[in-house]
Amino acid sequence: MTPFNFVVTARRLAEQPGRGRPLETDLRRAISTAYYALFHCLARSCADLLVGGPGSARDLAAWTRVYRALQHGTVRQRCNNLSRMQDFPVQIQDFGGVFIQMQLQRHDADYNPDAEFTRQQVITNINEVENAINGFARAPVKDRRAFAVYVLMDSRRA
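This section reports on the structure supplied with the text. Here the residue index of a chain counts from 1 through its sequence in written order. Only residues with pLDDT of at least 70 are given local features in this predicted model, and only at 80 or more are side-chain atom pairs given and counted; all residues enter the totals for whole chains, interfaces and linings. Based on all heavy atoms of the structure, the side-chain values leave hydrogens and waters out of the count.

Along the protein, the regular secondary structure elements total eight helices and zero strands. Shown N-terminal to C-terminal, the secondary structure of the protein runs as helices and strands in the order α-α-α-α-α-α-α-α. We compute the radius of gyration over the C-alpha atoms and compare it with the globule rule, which gives 2.2 Å times the number of residues raised to the power 0.38. At 16 Å, the protein has a C-alpha radius of gyration in line with the 15 Å of a compact globule built from 158 residues. Dimensions of the protein along its principal axes, counting C-alpha atoms only, are 55 × 35 × 25 Å. Burial here depends on accessible area, computed with a 1.4 Å probe over protein chains only, as a share of the maximum for the residue type. Under 20% is buried, over 50% is exposed, and the range in between is partly exposed. For the protein, buried positions account for 44% of its 158 residues. Two residues form a contact once any of their heavy atoms are found within 4.5 Å. Put simply, 76% of the contacts in the protein that link residues at least 6 apart link residues at least 24 apart. Here, Shrake-Rupley sampling with a 1.4 Å probe gives the accessible areas, and only protein chains in the shown set may cover a residue. Working note: accessible area of the protein is about 8700 Å², and carbon and sulfur atoms make up 52% of it. Under the convention used here, Asp and Glu are negative, Lys and Arg are positive, and both His and the chain ends fall outside the count. All charge positions are set by atom: Lys at NZ, Arg at CZ, Asp at CG, Glu at CD. Between the averaged position of the 21 positive side-chain charges in the protein and that of its 15 negative side-chain charges there is a distance of 6 Å. Secondary structure elements follow DSSP: runs of H or I no shorter than four residues count as helices, runs of E no shorter than two count as strands, and numbering proceeds from the N terminus.

What follows is about the nonpolar core. Put simply, buried Ala, Val, Leu, Ile, Met, Phe, Trp, Tyr and Cys residues joined by side-chain atoms within 4.5 Å make one nonpolar core. Counting residues in hydrophobic clusters, the biggest one holds 47 residues, and the most contacted among them are L38, L42, F95, V129 and F147. Of all elements in the fold, only α1 (3-15), α2 (24-50), α3 (60-69), α4 (72-80), α6 (90-111), α7 (119-138) and α8 (141-152) reach the threshold of two or more residues within this core. The element best represented in this core is α2, accounting for 13 residues. Those residues within four positions of F95 in sequence are excluded, and the remaining contacts are L38, C41, L42, A132, I133, F136 and F147.

This part takes up a nonpolar patch on the surface. Taken together, the side chains of L50, V149 and M153 define a hydrophobic patch exposed on the protein surface, amounting to about 230 Å² of accessible area. Locating M153 in the fold gives a position in the segment after α8. What makes M153 partly exposed here is its relative accessible area of 44%. To count toward a patch, a residue needs a relative accessible area above 30% and no salt bridge. Like charges then connect within 9 Å, nonpolar side chains (Val, Leu, Ile, Met, Phe, Trp, Tyr) within 5 Å. By salt bridge we mean one thing: a side-chain nitrogen of Lys or Arg within 4 Å of a carboxyl oxygen of Asp or Glu.

Right under this line is the structure:
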C-alpha cells in the first residue's frame, strides 16, 4: 500500500470514463481517499526516516508504532503554524498547505450532507495531492526527518 495507490483509487472513483457523472458517493470517497494518500505518505515517511526504510535492519514493531503515532489533528495544527512552517523548504510547506486543505475537504465529504462536489473540483484536488506528494519526496531527507519530528513529538521548548 503506497500513497500513490490511494491516488489511483481516488482518480478511478472521480473519473469513471464513459459512465457519465460519477455518483456523489464516489466523489466523496475520492476526496477522502485523496486525503488519505497524503496522510499515509506522511506516516510512511515518519516511520522510514525515524526507524528505517525498506531493506534496512529495522524493527517492524517500532516502525509500525511510529507509523500509527501520526495524529490527524496534530498534523493540521502544526501545519497551521505558519511561522514554524517557514523553517521548512517550500516542498514541505506546500505539502502542509495541501494537507490542511484536503483535511477540510475530507471532513465535508465524510460528514457534511449538504456539501456538493463536482468531478472537475475533485480531479483538481487529486492532482494537487499528487503534486504535493511528489514535491514532498523531493525535499531533502534532513528536512523531511525534521518535519517528522515536528509533527510527531510534543513541542515543549528546550
